[in-house]
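Residue strings, one per chain:
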Amino acid sequence: MIPSLEPPRPVLGSVLLGAFLLFLFAPLLVVAVFAFNDAGYPAPPWRGFVLDWFIGNAARGRVGLLQDEALLGSIATSAVVALWVATLSVTLGTAAAWLLERMHFAGKSLLAALLLVPLVIPGVILGVSLLSLASGIAQVADERWGLDLDFLRPGLPLVICGQVSFMAAIATLTIAARLKRLDPGLEEAARDLGAGPWTGFRTIVLPYLRPTLVASAVVAFLMSFENFNTTLLLSGSDPPLTVFLYGRMREGATPVVNAVSLLLMLASALAAVLTRRRTPRP
Amino acid sequence: MKAGSGGRYLGLVLLLAPVLVWLLGLIVIPQVDLAYQSLQERGSSGERALSLAQYRGFFEESQYWRSYLRTALMSLLATACTLLIAFPVAWHVAKVARGRVRLWMMVALLVPFWASETVRSLGWMLLLRESGVLPQWLAAAGLVAEAPELLYHDATILTGLVYTSLLFMVVPLIGVFETLDDALLEASYDLGGNRWSTLWHIVVPHAAPGIAAGCIVVFMLAVGNYLTPTLLGGNSAHWFTEVIYDQFIVRSNWEQGAAFGLLLLVLSSAVVWVALALTGQRLGQVLRRT
């Protein structure tokens, strides 16, 4: 508390704080509450508590989350994409961080600048430009050589590329920041004691970086799962969850969308809490 | 490169190759290609020629540049609103709240970000649409005769944008407030300053880097957003990303879409550049703050 500040006005303060908390939580609360409402649409009035939107099946007249094949399929698609994105982002991020913090070469400052570029390009533009380039290449390959390069058409490979293009940059920033704080003397000591560069990396650097790598992977996984702007244009006939939900929401959603949203919130909250606990404090 | 470091050289190549494939293949070449595409014009028989027709189309068709200006102004407005809300909140967390209250406030700020933007938009839709919670309550309480439609207004879009980017403003602000020495505030009051003069002469100058960092990120997120404006603004959103998407998907006019994409990139980069120049910061520092 700063002593000479004018005395705070407790009533006004509490009212403002309450209003702010309401602003933060009201949207999430209605999503959660209407996942359990006994009605075909997520809106008041409240008609009673049911679990139909989770476990209902066609025989009961309501297809719940667990029976909704298309929805479950899009969750699986998202999970596959997110695994690839997390793996690739952390691998590329580690390589780039190592280049920035431990290597000396001509053009390093250019590389450092280039690594920030993905973070200032709007996600929609990343998607649009990648789609345009890939389709162009696919078209040329088809016309000139009769090749059918399916992976360059909208679909999962392009979604993964689009998401990696900026998430690897986020991973680079995080990993480089951690690597900066590792005393290079430790690696030198390992080499003085006869360790090769690989052994030094494996026994000194990797254990030191591991918490950061895990945290970066979790963040990349969650961000991939939730990404919409880049994914929208790049996804084809098997859309990931967010694009699928967007389609349902525009059509006028049933509470199944609430049910899956609630599970998503709980899952990412759990992941966030678990990684927060493991992340070392700076 | 030091002599006798052949292994190091190999290591450099092995590390550099994938990073360059990523940066050139997924970022640089697609952007250059986008710029090239935007300078093409398709003739009647499908042949292509270099031209500025796509950009001319942007300026001649008022619905395009109107949407562009609208997106820029609304994004600036959203950034300003986010700053106005985030400032006292961050101040409270950094300087007033202590111990458990502080911890819980941080958790409360983080919770909405455990939900995806899709879920957050769904929440606002359920709250605000005509059959939704708030209008129905207003009608039931007798405050209005009929449940009003609260979706599809500009204010709704702003609310959604502020909500979705709040954390990106609060985090850098907490960062700069924490490094502000309380003794400076004391001194300001001792020298006869009041709340406002202290805020203006002490707090704001000290917080400028954090304010700039937050504003840059929030503006970029708003200008490039698609989900929140289309879901909360419906057909009246006229957000520029929607115009781009429309050219690519609905009209299959990719050259026009490429030109629009590039114009959005220019807008976003220009604002970032101005904000950096105004506060004398470098991009790297800004991105590390958030």
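Residues numbered from 1 in each chain as written. Chains lettered and ligands numbered in written order. Predicted model: local features only at pLDDT ≥ 70, side-chain atom pairs only at ≥ 80, totals over all residues.

So, the overall build of chain B
The secondary structure content of chain B amounts to 13 helices and 2 strands. Its C-alpha atoms give chain B a radius of gyration of 24 Å, clearly above 19 Å, the size a compact globule of 290 residues would have. Projected onto its principal axes, the C-alpha positions of chain B cover 80 × 75 × 35 Å. Out of the 290 residues belonging to chain B, those deemed buried represent 42%. Here the contacts in chain B between residues at least 6 apart in sequence split such that 69% fall between residues at least 24 apart. (Helix = DSSP H or I, 4+ residues; strand = E, 2+ residues; numbered from the N terminus. Rg over C-alpha atoms; globule rule 2.2 N^0.38 Å. Buried ≥ 20, exposed ≤ 12 C-beta atoms within 10 Å, placed from the backbone. Contact = placed C-beta atoms within 7 Å.)

Regarding the overall build of chain A
Regarding its fold elements, chain A presents 12 helices and 0 strands. Secondary structure elements of chain A, listed N to C terminal, follow the sequence α-α-α-α-α-α-α-α-α-α-α-α. For chain A, the C-alpha radius of gyration of 24 Å lies well beyond 19 Å, the compact-globule estimate for 282 residues. Referenced to the eigenvectors of the C-alpha coordinate spread, the extents of chain A come out at roughly 75 × 75 × 35 Å. Per-residue burial for chain A yields a buried fraction of 39% across its 282 residues. Looking at chain A alone, contacts between residues at least 24 apart form 71% of all its contacts between residues at least 6 apart.

Focus: the interface of chain B and chain A
Contact residues are listed per partner, giving 67 residues for chain B and 62 residues for chain A. Counting residues per element, the side of chain B that touches chain A draws most heavily on helix α1 (residues 6-38) of chain B, which supplies 16 residues. Classifying every residue of the side of chain B that touches chain A gives 42 nonpolar, 17 polar and 8 charged. (Nonpolar A, V, L, I, M, F, W, Y, C, P; charged D, E, K, R; others polar.)

With respect to the nonpolar core
Val85 of chain A together with Val170 and Leu173 of chain B are the most contacted members of the largest nonpolar core, which has 150 residues in total. Per element, the largest residue contribution to this core is 15 residues, and it comes from helix α3 (residues 69-102) of chain A. What valine 170 of chain B contacts, discounting residues up to four positions off in sequence, is Ala86, Val89, Ala90 and Leu109 of chain B. (Core = buried A, V, L, I, M, F, W, Y, C linked by C-beta atoms within 7 Å.)

Quick notes on the environment of alanine 217 of chain A
Residues and elements named next belong to chain A. As for its placement among the helices and strands, alanine 217 is situated in helix α9 (residues 197-226). The exposure class assigned to alanine 217 is buried, which follows from the 21 C-beta atoms found within 10 Å. Taking the C-alpha atoms as reference points, alanine 217 and alanine 171, 46 residues apart in sequence, are found 8.0 Å from one another. Contact partners of alanine 217, with chain neighbours within four places excluded, come to Ala86 and Val90.

Digging into the environment of leucine 83 of chain B
All names here are of chain B. With respect to the helices and strands, leucine 83 occurs in helix α3 (residues 62-96). Between the alpha carbons of leucine 83 and valine 250 there is a distance of 36 Å; along the sequence they are 167 residues apart. Those residues in contact with leucine 83 that lie beyond four places of it in its chain are Met169, Ile211, Gly214 and Cys215.

Overview of α9 of chain A
Counted at 1.5 Å a residue, the expected span for α9 of chain A with its 30 residues is 44 Å, but the 38 Å between its end C-alpha atoms falls short. The sharpest bend along α9 of chain A reaches about 50° and sits at leucine 206 of chain A, with the proline proline 207 of chain A one to four residues further on. (Expected span 1.5 Å × (residues − 1). Bend = angle between axes of the 7 residues up to and from the residue.)

Details of helix α7 (residues 154-178) of chain B
Residue and element names in this part refer to chain B. Look at α7: 35 Å from first C-alpha to last across 25 residues, which is about the 36 Å you get at 1.5 Å a residue. The largest bend in α7 comes to about 50°, at serine 165. Of all 25 residues in α7, 19 are buried; the element is thus mostly enclosed.

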